[in-house]
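Single-letter residue listing:
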Amino acid sequence: METAKKLAEDAAQKIKDAADIESIDIGLTLGSGWAKAADLAGEEIASIDASEIPGFHKPSVAGHTGKLRVVKLDSGKHALVVGARTHFYEGYGVDAVSHGVRVSAALGAEVMVLTNGAGGIKESWSPGQPVIISDHINLTAHSPLSGANFVDLTDLYSPRIRKIALEVDETLDQGVYVQFPGPHYETPAEVQMAKAMGGDIVGMSTALEAIAAREAGLEVFGMSLITNLAAGIQKTPLSHAEVIEAGQKAEPVIAKLLAQIINKL
Ligand code: HPA
């Protein structure tokens, strides 16, 4: 952990130098479908190849930009837009997964916004629908923390920011996000297990990052774009192409929504 923190501090210093900024206010990880939110939220003041910054890995997933961007929001606050999420299934370990969050914290952020594309368990949901994450179940059997580090995860997904999101769009539904390790999609039986446990959304990111964010003292807000109904809930097989397509279709609407929320933080 100490080395992870040091790496995050080194990365933060490089970003400060490259963007000529002292600090940021918000870290923003944009998952599948969410990339345009940053363009609508404010004005870009720097765009850096993540591969030039210590600790980031080349994204392996189409739909992730591989860029770190510093954006001056319309609200006047500054956001670091992390378009280079490392997923747990890439095998680089939990510190790599948590790096974007820790770099945001090292840059002085107080809020971490985590977004993703995910499968929906609730039958009333449709592909293209954004939902607020209310809580999570971490089924990776890992933690980004180690040692006797007993971090409280009550109200991990900030009730304050969820309320702000509902002020922007009162029709938004909320759900419990279940992080599976991936990279395979779940079996229908696993989806039923997640449902029985109280889960509403299945995906392969976010929960580990949210834990790292809480540990770093950040207030967390999470949103999922439902790109498909989860395996067995939808009657057709899942495909990555379908996930990307749903993301592209929903992008203008969810980008605007997220840009509005971010500017109220
Ligand atoms: N499961 C897990 N991850 C996902 C899904 C899904 O159904 N859709 C998009 N990412």
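Above this note sits the structure.
Here the structure is a predicted model, which means the values were calculated and not measured. (Residues numbered from 1 in each chain as written. Predicted model: local features only at pLDDT ≥ 70, side-chain atom pairs only at ≥ 80, totals over all residues. Heavy atoms only, no water.)

Scanning the protein for helices and strands turns up 7 helices and 9 strands. For 265 residues, the compact-globule estimate of 2.2 N^0.38 gives 18 Å, and the protein sits close to it at 17 Å. A burial count over the protein gives 52% of its 265 residues as buried. At a minimum sequence separation of 6, the contacts of the protein that also span at least 24 residues come to 81%. Per element, the accessible surface of the protein, about 11100 Å² overall, is 51% carbon and sulfur. When the 22 basic and 33 acidic side-chain charges of the protein are each reduced to a single mean position, those positions are 2 Å apart. (Helix = DSSP H or I, 4+ residues; strand = E, 2+ residues; numbered from the N terminus. Rg over C-alpha atoms; globule rule 2.2 N^0.38 Å. Buried < 20%, exposed > 50% of the residue type's maximum accessible area, 1.4 Å probe, protein only. Contact = heavy atoms within 4.5 Å. Areas by Shrake-Rupley, 256 points an atom, 1.4 Å probe, with all protein chains shown as cover. Lys, Arg positive; Asp, Glu negative; His and termini not counted. Charge placed at Lys NZ, Arg CZ, Asp CG, Glu CD.)

A few words on the site of the ligand. Contacts to the ligand come from Gly117, Ala118, Gly119, Tyr185, Glu186, Val202, Gly203, Met204, Thr227, Asn228, Leu238 and Val243. In this structure, a nitrogen atom belonging to the ligand sits 3.4 Å away from a main-chain N or O atom of glycine 119. Contact between the ligand and threonine 227: a nitrogen atom at 3.5 Å from a side-chain N or O atom of the residue. Considered on its own, the ligand offers 260 Å² of accessible surface; in the complex 94% of this is hidden by protein. Class assignment for the residues of the shell around the ligand results in 6 nonpolar, 5 polar and 1 charged. (Near = heavy atom within 4 Å. Polar contact = N/O pair within 3.5 Å; in protein donor to acceptor, adjacent residues only side chain to side chain. Nonpolar A, V, L, I, M, F, W, Y, C, P; charged D, E, K, R; others polar.)

A separate point is the nonpolar core. The biggest cluster of nonpolar side chains holds 47 residues, and the ones touching the most others in it are Ile15, Phe56, Leu68, Leu80, Val103 and Ile201. It is helix α1 (residues 2-19) that provides the largest number of residues to this core, a total of 5 residues. When residues no more than four places from it in sequence are discounted, the contact partners of phenylalanine 56 are Ala50, Leu68, Val82, Ala84, His99, Gly100 and Val103. The next biggest cluster of nonpolar side chains, apart from the first, holds 30 residues, and it includes Leu28, Trp34, Ala79 and Phe221. (Core = buried A, V, L, I, M, F, W, Y, C linked by side-chain atoms within 4.5 Å.)

In this section: the pattern of salt bridges. Side chains that differ in charge, positive against negative, can pair when their charged atoms come close. In the structure shown here, the tally under the stated rule is 11 salt bridges. With its nearest N and O atoms 2.8 Å apart, the salt bridge here joins aspartate 95 to arginine 102. Residue classification places arginine 102 among the buried positions, given a relative accessible area of 5%. A salt bridge links glutamate 245 to lysine 249; the nearest nitrogen and oxygen atoms lie 3.4 Å apart. Here glutamate 245 pairs with lysine 249, and both are found in helix α7 (residues 240-262), just 4 residues apart, close to one helical turn. When its relative accessible area of 44% is taken as the criterion, glutamate 245 is described as partly exposed. Each of Asp39, Glu44 and Arg69 takes part in one network of salt bridges that share partners. (Salt bridge = Lys/Arg side-chain N within 4 Å of Asp/Glu carboxyl O.)

Now for the side chain of asparagine 116. Here asparagine 116 is to be found in strand β5 (residues 111-120). Leave out the neighbours within four places in its chain, and asparagine 116 touches Gly31, Ser32, Trp34, Arg85, Ile133, Tyr177, Ser205, Thr206, Met223, Ser224 and Leu225.

Two numbers describe a pair of packed helices, the interaxial angle and the distance between the axes. Packing of helix α3 (residues 94-106) against helix α6 (residues 207-215) brings their axes to within 9 Å, and their N-to-C directions diverge by 55 degrees. It follows that α3 is oblique to α6 by the angle criterion. The crossing of α3 and α6 is right-handed. Seen from α3, the contacting residues are Val94, Val97, Ser98, Val101 and Arg102; seen from α6, they are Leu208, Glu209, Ala212 and Ala213. Class assignment of the residues belonging to the contact of α3 with α6 gives a composition of 6 nonpolar, 1 polar and 2 charged. (Axes fitted to C-alpha atoms, helices over the stretch in contact; angles between N-to-C directions. Parallel < 35°, antiparallel > 145°, perpendicular 65-115°, else oblique. Left-handed = near helix turned anticlockwise from the far one by under 90°.)

Relative to the assigned elements, glutamine 179 resides in strand β7 (residues 173-179). Given a relative accessible area of 1%, glutamine 179 falls into the buried group. Separated by 41 residues in sequence, glutamine 179 and asparagine 138 place their C-alpha atoms 5.2 Å apart. Contact partners of glutamine 179, with chain neighbours within four places excluded, come to Phe88, Ile137, Asn138, Leu139, Thr140, Gly203, Met204, Ser205, Thr206, Ala207 and Leu208. Of note is the side chain of glutamine 179, whose polar atom sits 3.0 Å from the backbone nitrogen of leucine 208.

Taken across its 10 residues, β5 has 9 buried, putting it largely inside the fold. Examined bridge by bridge, strand β1 (residues 26-29) and β5 share 4 bridges and lie parallel to one another. Across the sheet, the residue bridging to glycine 27 is methionine 112, located in β5. The pairing of β5 with strand β8 (residues 201-203) spans 2 bridges and is classified as antiparallel. For glycine 119, the partnering residue across the bridge sits in β8 and is valine 202. (Pairing = 2+ DSSP bridges.)

Worth remembering: the numbers are spatial, not functional.
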